[in-house]
Amino acid sequence: MRRCPQLVVLWALPWLLRAATPQRPKQPAVRRRDPGEFDRVYSGVVSLRTENIYSFNYTSQPGQVNAVRVYVNSSSDSLDYPVLVVVRQQKEVLSWQVPLLLEGLYQRSYNYQEVSRTLCPSEATNETGPLEELIFVDIASMAPLGAQYQLLVTKIKHFQLQTNVAFRFTASPSQPQYFLYKFPEDVDSVIIKVVSEMAYPCSVVSVQDIMCPVYDLDHNVEFNGVYQSMTKKAAITLQKRDFPDEQFFVVFVIKPEDYACGGSFFIQGKGNQTWNLQRTKNLKVTIVPSIKESIFVKSILLSFSIFFSFYLGCLLFVLVHYIRFQRKSINGSFGSNDGSGNMAVSHPIAASTPEGSNYGAIDESSSSPGRQMSSSDGGQPCQSDTDSSVEESDFDTLPDIESDKNIIRTKMFLCLSDLSRKDRRIISKKYKIYFWNIITIAVFYALPVIQLVITYQTVVNVTGNQDICYYNFLCAHPWGDLSAFNNIFSNLGHVLLGFLFLLIVLCRDFLHRRALEAKDIFAMEYGIPKHFGLFYAMGIALMMEGVLSACYHVCPNYSNFQFDTSFMYMIAGLCMLKLYQTRHPDINASAYAAYASFAVVLTLTVLGVGFGKNDVWFWVIFSAIHILASLALSIQIYYVGRVKIDVSDTDLGIFRRAAMVLYTDCIHQCSRPLYKDRMVLLIVGNLVNLSFTLFGFIYRPRDFASYMLGIFICNLLLYLTFYIIMKLRSSEKVLPIPLFCIFATAVVWAAALYFFFQIPSSWEGTPAESREKNRECILLDFFDDHDIWHFLSATALFFSFLVLLTLDDDLDVVRRDKIPVF
């Protein structure tokens, strides 16, 4: 009896061990349907204990590409127990769930109960012969009560895209599409063109190598290959050398939201949403051959030929001018013009005047300060302050009138001799600083820019993200690592014509220096004083505009647009300075002050690009600076630089002086300004600048860089128009060469602006919105509208520079005391 408890324990031990051992779950019942049939709809229910497996097989013939598409639909909207789909092939496993969950912005999610995917295709070769392909489709779910589903497996009839054949299809976020394309033997480059009649839903076009799996969902389509977002248009240029197998997949994905394409961020409702029907998009894809290498070569050679023809034309002009000069020198038909149209052989200034003494001064024996020109002398009479027709109240009577400089520059009628009294050598060195400074600026500005855009291009090539750069993709021809070589190459005109202008200026400078060394009286005392420093700076600025514009077009986008416009500001500013310096050689701004002003303008432009769209505070500050700068510059121009602020005046005398000037010029002489012509120019100029200020403050243009450039160009055109009108009013002539240049400038600028406003791309919107504006090439199948703008604008700037260079050539035989200042 003592052993009974032990026997009981031994007898119960097996049952105790079985109770302690965890029970294995029962294996789910597997229902096989073998073989499955294509194009047949299968319905069923899967649950925790039920899993269905379907098998499909087909034979792939050599040279034939077969692709299969699997469609699964589930009436269950439970995200906790979705229907799980696993497709097994020989070399790939593809899986997804139904409902398919896609994420949007701000953690919003969308589920789709209808999902279809294309399986990785197979292709038999002549070496392998016909291939037997087997596909297993496993459908399962962890739902305890079961989940219904429908399955459809079909063969894709038109899986391979053909060259020059349009193909239409439909896609949605849960039903992406992709197709195969093979390069023909005679085609080295193709352009994939995709169009849709509807802008939204937003979609993505991707080109991927032949590899499995294919990334065809919104969250992974950017993992491989080249891609770009799309609303109505998309275009991708591809080269055969980039694909070892000479074939690729074109993938089309519809995004669950439209913010990436510029659509609204706000979506009504919260939680998960099903949008299959609302987000279906009809697309048409066409793959066409790109241009051949022969068109590349022809376009490049033709461009060089056109611009080198300018060199040839200038050379022929120099030869003709030299022959005519030799004939005239033989005939001895030279003399001086005294300004009245009569030729004179003598001049009151002795030819032995030292080179550095009172450059431009007139001998008092024949031209005294009190001398008055008759109206027949041509132009405005050059009177002095002692003339009886000038009242004492016309001038400021404060003590600083005793200064000789102030006495001369406050005369009612100024002549060029009054403003060319400084030593010629000092003034020439002053203006040459413009040239050396702009070279320094160009080097320090261009090198970081070049490095940056190379980095941009590298990022585009490595990541395949073509939304980084805003090209005209319908006319973007790659060359090497550059995605749009034609947009870069079209800036060639700026460089070649800028260099040609430098050669022309160098030639004129050389001839003028030879004349000065020979003590030529016409070079020393007649005509507009020749200072070429600003012209050299203009030529360098034109060349650098071409270089920086080319850098910008390596990868044009919102953040580097100022590269394309920075030297345009300098060109416009230098042209205005040159116009002013022509009749005011002694009082023009120094190079340091001018370039410091340009630096301020560039700083404002950068701030405007960053804050000009939405920030009111920026426009308040900019408007105040613009108006104050316009008024300050107007005062300096009106009083010929003789208005100064005496900071050492501690008894508030400056305010009494300002009040006196205001009373004298605005109240006492309100009906008759002291300098009428200057007053008209400044009133019109300030009204134009005020209009720009109001326009900017009200509309706040996103393209602030172009807005700023418009201010500069309008002021330059206004000043040039005023200068030409005053020149004609002063009975001065416009010779045939500057007249031709003026006509050519007007015509070429009009044509250039037409192409400028065509706008084949724009970074003001999203990349997808920019592609809606893309246009086909219109010249030689190589250049687009913007390339023609580059060619024409370079030509127009070249002619504009020639206008400034030759406009006053008629005054070369006119004494400086007979050339009016305006």
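Residues numbered from 1 in each chain as written. Predicted model: local features only at pLDDT ≥ 70, side-chain atom pairs only at ≥ 80, totals over all residues. Heavy atoms only, no water.

*Asks:* Which parts of the structure should I look at to understand the overall build of the protein?
*Replies:* Along the protein, the regular secondary structure elements total 17 helices and 24 strands. In the protein, which comprises 822 residues, the proportion classed as buried is 50%. Here the protein displays about 41,100 Å² of accessible surface, and carbon together with sulfur accounts for 62% of that area. (Helix = DSSP H or I, 4+ residues; strand = E, 2+ residues; numbered from the N terminus. Buried < 20%, exposed > 50% of the residue type's maximum accessible area, 1.4 Å probe, protein only. Areas by Shrake-Rupley, 256 points an atom, 1.4 Å probe, with all protein chains shown as cover.)

*Asks:* Would you explain the pairing of strand 9 (residues 109–112) in this entry?
*Replies:* The side chains of a regular strand alternate, residue by residue, between the two faces of the sheet. Judged by which residues are buried, strand 9 turns out to be covered on both faces: Ser109 and Asn111 on one side and Tyr110 and Tyr112 on the other are all buried. In this sheet, strand 9 lies alongside strand 8 (residues 100–103) in antiparallel orientation, the contact comprising four bridges. Considered in strand 9, the bridge of glutamate 103 is made with serine 109. From the end of strand 8 to the start of strand 9, which pair antiparallel, there are five residues, and tyrosine 106 there has a positive phi angle of about 55 degrees. (Pairing = 2+ DSSP bridges.)

*Asks:* Which parts of the structure should I look at to understand the packing of aromatic side chains?
*Replies:* Two measures describe an aromatic ring pair: the distance that separates the ring centres and the angle between the ring planes. The tally for this structure, following the rule as stated, stands at 67 aromatic pairs. Between tyrosine 42 and tyrosine 54, the aromatic rings sit 5.2 Å apart at their centres with planes inclined by 45 degrees, giving tilted as the arrangement. With tyrosine 42 in strand 2 (residues 41–46) and tyrosine 54 in strand 3 (residues 50–60), this residue pair connects regions lying 12 residues apart in the sequence. Assessed through its relative accessible area of 5%, tyrosine 42 is described here as buried. Here the aromatic rings of phenylalanine 522 and tyrosine 526 are separated by 4.9 Å at their centres, their planes lie at 55 degrees, and the arrangement is tilted. Note on phenylalanine 522: relative accessible area 28%, which makes it partly exposed. In this arrangement the basic side chain of lysine 155 is found over the ring face of phenylalanine 38, its NZ or CZ atom lying 5.1 Å from the centre. A cation over an aromatic ring shows up here: lysine 430 above the ring of tyrosine 431, its NZ or CZ 5.9 Å from the ring centre. (Phe/Tyr/Trp six-rings, centres within 6.5 Å; stacked < 30°, edge-to-face > 60°. Lys NZ or Arg CZ within 6 Å of the ring centre and 35° of its normal.)

*Asks:* Help me understand the packing of helix 9 (residues 562–583) against helix 10 (residues 591–611), please; the structure alone is not making it clear to me.
*Replies:* Two numbers describe a pair of packed helices, the interaxial angle and the distance between the axes. Close contact between helix 9 and helix 10 brings their axes to 10 Å; oriented N to C, the two are set at 145 degrees. Both helix 9 and helix 10 take part in a crossing whose hand is right-handed. On helix 10, the residues touching Ser566, Tyr569, Met570, Gly573, Leu574 and Leu577 of helix 9 are Ala594, Tyr595, Phe598, Val601, Leu602 and Thr605. For the contact of helix 9 with helix 10, the residue count by class is nine nonpolar, three polar and no charged. (Axes fitted to C-alpha atoms, helices over the stretch in contact; angles between N-to-C directions. Left-handed = near helix turned anticlockwise from the far one by under 90°. Contact = heavy atoms within 4.5 Å. Nonpolar A, V, L, I, M, F, W, Y, C, P; charged D, E, K, R; others polar.)

*Asks:* What should I look at first to understand the pairing of strand 7 (residues 93–98) in this one?
*Replies:* Covered by surrounding structure in strand 7 are Leu94, Trp96 and Val98 only, the residues Val93, Ser95 and Gln97 on the alternate face being uncovered. Of the strand pairs in this sheet, strand 6 (residues 83–88) and strand 7 are connected by six bridges, and their pairing is antiparallel. Paired with valine 85 across the strands is tryptophan 96, a residue of strand 7. Between strand 6 and strand 7, which pair antiparallel one after the other, the connecting turn spans four residues.

*Asks:* Sorry if this is basic, but what is going on with empty space enclosed by the protein here?
*Replies:* If a probe the size of a water molecule is rolled over the atoms, the empty space left behind becomes visible. Enumeration according to the criterion identifies four cavities of 30 Å³ or more in this entry. Size it by volume and the largest cavity reaches roughly 160 Å³. Taken together, 13 residues form the lining of the largest cavity, with Ile528, Lys530, Phe535, Leu804 and Leu805 sitting closest to its centre. Listed by contribution, the elements that provide at least two residues to the lining of the largest cavity are helix 9 and helix 17 (785–806). Here the residues of the lining of the largest cavity sort into six nonpolar, two polar and five charged. (1 Å grid on protein atoms, 1.4 Å probe; cavity = no way out; pocket = protein on both sides within 12 Å on 5 of 7 lines; lining within 4 Å. Points joined across faces, edges and corners; volume = space filled by probe spheres on them.)

*Asks:* I keep staring at the pattern of salt bridges and nothing clicks. Help me out?
*Replies:* Two side chains with opposite charge may pair up if their charged atoms get near one another. Here the structure, examined in full by the defined rule, presents 18 salt bridges. Between aspartate 258 and arginine 279 there is a salt bridge whose closest N-O contact spans 2.7 Å. Of this pair, aspartate 258 sits in the loop between strand 21 (247–254) and strand 22 (281–289) while arginine 279 sits in the loop between strand 21 and strand 22; the two residues are 21 residues apart in sequence, bridging distant segments of the chain. There is no split in this pair, since aspartate 258 and arginine 279 are both buried. One network of salt bridges, with partners in common, ties together Arg583, Lys727, Glu732, Asp808 and Asp810. (Salt bridge = Lys/Arg side-chain N within 4 Å of Asp/Glu carboxyl O.)

*Asks:* Please clarify how the sheet that holds strand 2 should be interpreted in this entry.
*Replies:* Think of a sheet as strands paired side by side through backbone hydrogen bonds, with each pair either parallel or antiparallel. Spatially, 2-13-5-10 is the arrangement adopted by the four strands of the open sheet, whose pairing is antiparallel. Of all strands in the sheet, those bounded by a partner on one side alone are strand 2 and strand 10 (114–118). The sheet shows a mean angle of 20 degrees between the axes of neighbouring strands, direction not considered. In the sheet, strand 5 (residues 68–73) pairs with strand 13 (residues 147–155) via six bridges, with the strands oriented antiparallel. Residue valine 68 lies in a different strand from strand 13, and its bridge partner there is lysine 155.

*Asks:* Any chance you could explain unusual backbone geometry here in plain terms?
*Replies:* Across the chain, the bulk of peptide bonds are trans and the bulk of non-glycine residues have phi less than zero. The omega angle of the peptide bond from valine 98 to proline 99 is 5 degrees, so this bond is cis rather than trans. In this structure, proline 213 follows cysteine 212 across a cis peptide bond, with omega equal to 5 degrees. Tracing the backbone through its elements, the reader meets proline 213 in the loop between strand 18 (203–208) and strand 19 (226–230). The backbone of lysine 519 shows a phi angle near 60 degrees, a positive value even though the residue is not glycine. Look at lysine 519 and you get partly exposed, because its relative accessible area is 36%.

*Asks:* Can you walk me through the environment of arginine 678 in this structure?
*Replies:* Checked against the element boundaries, arginine 678 lands in helix 13 (residues 676–699). By relative accessible area, which is 11% here, arginine 678 ends up buried. Residues arginine 678 and phenylalanine 822, 144 residues apart in the sequence, show an inter-C-alpha distance of 7.0 Å.

*Asks:* Help me understand the nonpolar core, please; the structure alone is not making it clear to me.
*Replies:* One recurring pattern in soluble globular proteins is that nonpolar side chains are buried together. Counting 98 residues, the largest nonpolar core has Tyr434, Ile438, Phe501, Leu574, Tyr595 and Phe622 as the members making the most contacts within it. Beyond its immediate stretch of four places on either side in the chain, phenylalanine 501 contacts Phe535, Met538, Gly539, Phe798, Phe801, Leu802 and Leu805. Counting 35 residues, the second-largest nonpolar core is a separate cluster that includes Leu180, Tyr181, Met230 and Phe249. (Core = buried A, V, L, I, M, F, W, Y, C linked by side-chain atoms within 4.5 Å.)

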